[in-house]
Amino acid sequence: MDNAEIRAFAEADGWTYEGDIARDPETQAHYEAKWSLPGGLSAHYVADEFVDARYMVVAGDDGARVQEASARLEAALDFWSVDELETDFDVCVYPIEQARSVLLLGAGSPKRAVGSVVMRVLEAVRHKDPRVRRAAVQAMVYSEWPEYREPLADVVAHDADPEVVREAGIALRLLEEPARPEEDS
């Protein structure tokens, strides 16, 4: 999926283009485009250079409408399914591949926790290589699932790598912040 495909789909589906945010490497801002959808929803296309992936987020207060809009997107555009993300994670052998795959798993996670995803991210956060553990911590931030609070506290208390501990502390604080209203569904 690329920006042109998303824009064509959005126009055909009647979305209202709200604008975009330019990529800014100095502030680590990714390119993002935003649309308003009927029913008080919003859609965000993000070109995330950190994960080296592009993804869509549909948000709003009405969970059923969010699911409906997400299903239309998935049917019309090429997205990795959770099963595909899990398979990618399962077949990676080298730590650098494992780190990237767990980041993709976090970025591609649905809004609600999925046990098989949680299991894989927790496996990665216990990996012997600190690069994989850091990526797992970052994947937890992408997912924003409360199921990760306790494991993050454990990483802060017990991980041997100071950078992993620092990032887990930041992630834990982020997960403890109140949810932003637009992202509740």
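Residues numbered from 1 in each chain as written. Predicted model: local features only at pLDDT ≥ 70, side-chain atom pairs only at ≥ 80, totals over all residues. Heavy atoms only, no water.

Undergrad: What is the right way to look at the overall build of the protein in this model?
TA: The secondary structure content of the protein amounts to eight helices and four strands. Its C-alpha atoms put the protein at 50 × 35 × 35 Å along the principal axes. In the protein, which comprises 185 residues, the share counted as buried stands at 41%. Looking at the protein alone, contacts between residues at least 24 apart form 51% of all its contacts between residues at least 6 apart. About 10,400 Å² of surface is accessible on the protein, with carbon and sulfur atoms providing 52% of the total. Of the charged side chains in the protein, 19 are positive and 38 negative, and the gap between their average positions amounts to 3 Å. (Helix = DSSP H or I, 4+ residues; strand = E, 2+ residues; numbered from the N terminus. Buried < 20%, exposed > 50% of the residue type's maximum accessible area, 1.4 Å probe, protein only. Contact = heavy atoms within 4.5 Å. Areas by Shrake-Rupley, 256 points an atom, 1.4 Å probe, with all protein chains shown as cover. Lys, Arg positive; Asp, Glu negative; His and termini not counted. Charge placed at Lys NZ, Arg CZ, Asp CG, Glu CD.)

Undergrad: Could you clarify how one ought to interpret unusual backbone geometry in this entry?
TA: Glycine aside, negative phi is the norm for most residues, and most peptide bonds take the trans geometry. Phi is positive for Glu144, close to 60°, though the residue is something other than glycine. The residue Glu144 is located in the loop between helix H6 (130-143) and helix H7 (149-158) in this model. The partly exposed category is assigned to Glu144, whose relative accessible area is 37%.

Undergrad: Can you walk me through the nonpolar core in this structure?
TA: As a rule of thumb, nonpolar side chains are buried together in soluble globular proteins. Counting residues in hydrophobic clusters, the biggest one holds 33 residues, and the most contacted among them are Val102, Val121, Val125, Val137, Met140, Tyr148 and Leu152. Looking at this core, the elements that each hand over two or more residues are strand E4 (53-59), helix H3 (82-91), helix H4 (95-107), helix H5 (115-125), H6, H7 and helix H8 (162-176). Counting 18 residues, the second-largest nonpolar core is a separate cluster that includes Ile6, Ala10, Met56 and Val66. (Core = buried A, V, L, I, M, F, W, Y, C linked by side-chain atoms within 4.5 Å.)

Undergrad: I tried to follow the confidence of the model for the protein on my own but got confused; where do I start?
TA: The predicted coordinates should not be examined in detail at positions where pLDDT is low. Of all residues in the protein, 94% have pLDDT values of 70 or greater, and the mean over the chain is 87. Across residues 181-185, confidence stays below pLDDT 50; counting only partners more than four residues off in sequence or on other chains, it has 17 contacts. (pLDDT = per-residue confidence, 0-100.)

Undergrad: Sorry, what's going on with the environment of Ala47 here?
TA: Within the secondary structure, Ala47 sits in strand E3 (residues 41-48). Separated by 18 residues in the primary sequence, Ala47 and Ala29 have C-alpha atoms spaced 9.7 Å apart.

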